[in-house]
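Here is how the chains run, residue by residue.
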Amino acid sequence: MEEIICPACGDNDLGKKILIKQINEPYGGIKHVETISYTCNLCGFSGDILKENEKSLQLAIDELKAQAVKNILGMFQKNHYNFSAIERALEIPQRSLSKWKSSSKPSAAVVALLKYLHLFPWLIEVAEQKYDFKKAQQIHMTDALSQFVSQMTFNEETRWAETTTTFEVLRMRITQTFESESQEDPDDGFGFSLVSRNDECLALE
């Protein structure tokens, strides 16, 4: 058995610990990886002296990234996205998306691209428009306005509007005040004020 030597002081009196490291990958999930750490009882140096953890951690990362690609493309299919149309818009080879979905180790570029398309699906339409700047702005603003309107509900009795979304921790309330008959200037009695609703947070699933 190979003798383990402290790289800091050269002593061989080391203790061994098993640690659990959590790896998180957006859209890919979570993995718990067992790692090994050695501590020198003489000088206190601590770390992965034999470089045993690098391979297992990288394997877990690759698995989670591959799962993220599968999950994102699965959501595309669930929402009836046409893979061929996306490939034409992005000017990538046919069946690229299907190959990425079955890949055990997708490239960093593939993972990044799919994350962007999942977060901002209107980028596909921008690609269809050959990345024209003015058209891209129109597409972006149209999507933003649509999202804003879809997240707003109105309460006629209390005369305020409320936005709700699972991706926000603040709820904005727009309170409308009306001019009272006693005010002298009729132009100063009507306005809107924005109020943060810190007491009503929406938790992410």
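What you see is a predicted model, and the numbers here were worked out from it, not measured in a lab.

### Observations concerning helix α2 (residues 83-90)
Inspection of α2 places Phe-83, Ile-86, Glu-87, Ala-89 and Leu-90 among the buried residues, and these make up the whole buried set. Down the axis of α2, the buried side of the element spans an arc of 165°, and every buried residue falls inside it. Packed against the buried residues of α2 are α1 (53-78), α3 (96-102), α4 (108-119) and α5 (122-128). Directly after α2, the chain includes Glu-91, whose backbone phi takes a positive value near 60°.

### Looking at α1
For α1, with 26 residues, the first-to-last C-alpha span of 37 Å sits near the 38 Å given by 1.5 Å per residue. For α1, the full list of buried residues reads Asn-53, Leu-57, Ala-60, Asp-62, Leu-64, Ala-66, Ala-68, Val-69, Ile-72, Leu-73 and Phe-76. Looking at the buried positions of α1, the neighbouring elements they touch are β1 (14-25), β2 (29-40), α2, α3 and α4. In the stretch just after α1, His-80 is the one whose phi turns positive, near 65°.

### Digging into the side chain of Glu-87
Tracing the backbone through its elements, the reader meets Glu-87 in helix α2. In this structure Glu-87 is buried but unpaired, with Arg-88 as the nearest side chain of opposite charge at 7.0 Å. A polar side-chain atom of Glu-87 sits 3.1 Å from the main-chain amide nitrogen of Leu-97. Dropping the residues within four chain positions of it, Glu-87 is found in contact with Ile-92, Pro-93, Gln-94, Arg-95, Ser-96 and Leu-97.

### Some points on the confidence of the model for the protein chain
Confidence along the protein chain averages 80 in pLDDT terms, with 73% of residues attaining 70 or more. Confidence drops under pLDDT 50 across residues 163-205; counting only partners more than four residues distant or on other chains, this segment forms 67 contacts.

### Details of the pattern of salt bridges
Side chains that differ in sign of charge can pair as their charged atoms come close. For the structure on display, the rule yields five salt bridges. Ionic pairing is found between Lys-65 and Glu-25, a salt bridge with its closest N-O pair at 3.3 Å. Of this pair, Lys-65 sits in helix α1 while Glu-25 sits in strand β1; the two residues are 40 residues apart in sequence, bridging distant segments of the chain. The class of Lys-65 is partly exposed, set by a relative accessible area of 26%. Lys-115 is paired through a salt bridge with Glu-25; the nearest N and O atoms lie 2.5 Å apart. Of this pair, Lys-115 sits in helix α4 while Glu-25 sits in strand β1, and the two are 90 residues apart along the sequence.

### Quick look at unusual backbone geometry
Note: most peptide bonds trans; most residues except glycine with negative phi. The phi angle at Glu-91 is positive, at roughly 60°, despite the residue not being glycine. Within the fold, Glu-91 resides in the loop between α2 and α3.

### Observations concerning the pairing of β2
Where β1 and β2 come together, 12 bridges link them in antiparallel fashion. Bridging from a neighbouring strand, Asn-24 pairs with Ile-30 of β2. Between β1 and the antiparallel strand that follows it, β2, lie three residues; Tyr-27 among them carries a positive phi value of about 70°. As paired strands, β2 and strand β3 (residues 46-47) are joined by two bridges and run antiparallel to one another. Residue pairing for β3: Tyr-38 is matched across the bridge by Gly-47. Taking the residues that link successive antiparallel strands as the turn, the β2-β3 hairpin has five residues, and the phi of Gly-44 there is positive, at about 90°.

The rules we used
Residues numbered from 1 in each chain as written. Predicted model: local features only at pLDDT ≥ 70, side-chain atom pairs only at ≥ 80, totals over all residues. Heavy atoms only, no water. Buried < 20%, exposed > 50% of the residue type's maximum accessible area, 1.4 Å probe, protein only. Helix = DSSP H or I, 4+ residues; strand = E, 2+ residues; numbered from the N terminus. Arc of directions from axis to C-beta. Contact = heavy atoms within 4.5 Å. Expected span 1.5 Å × (residues − 1). Lys, Arg positive; Asp, Glu negative; His and termini not counted. Salt bridge = Lys/Arg side-chain N within 4 Å of Asp/Glu carboxyl O. Polar contact = N/O pair within 3.5 Å; in protein donor to acceptor, adjacent residues only side chain to side chain. pLDDT = per-residue confidence, 0-100. Pairing = 2+ DSSP bridges.

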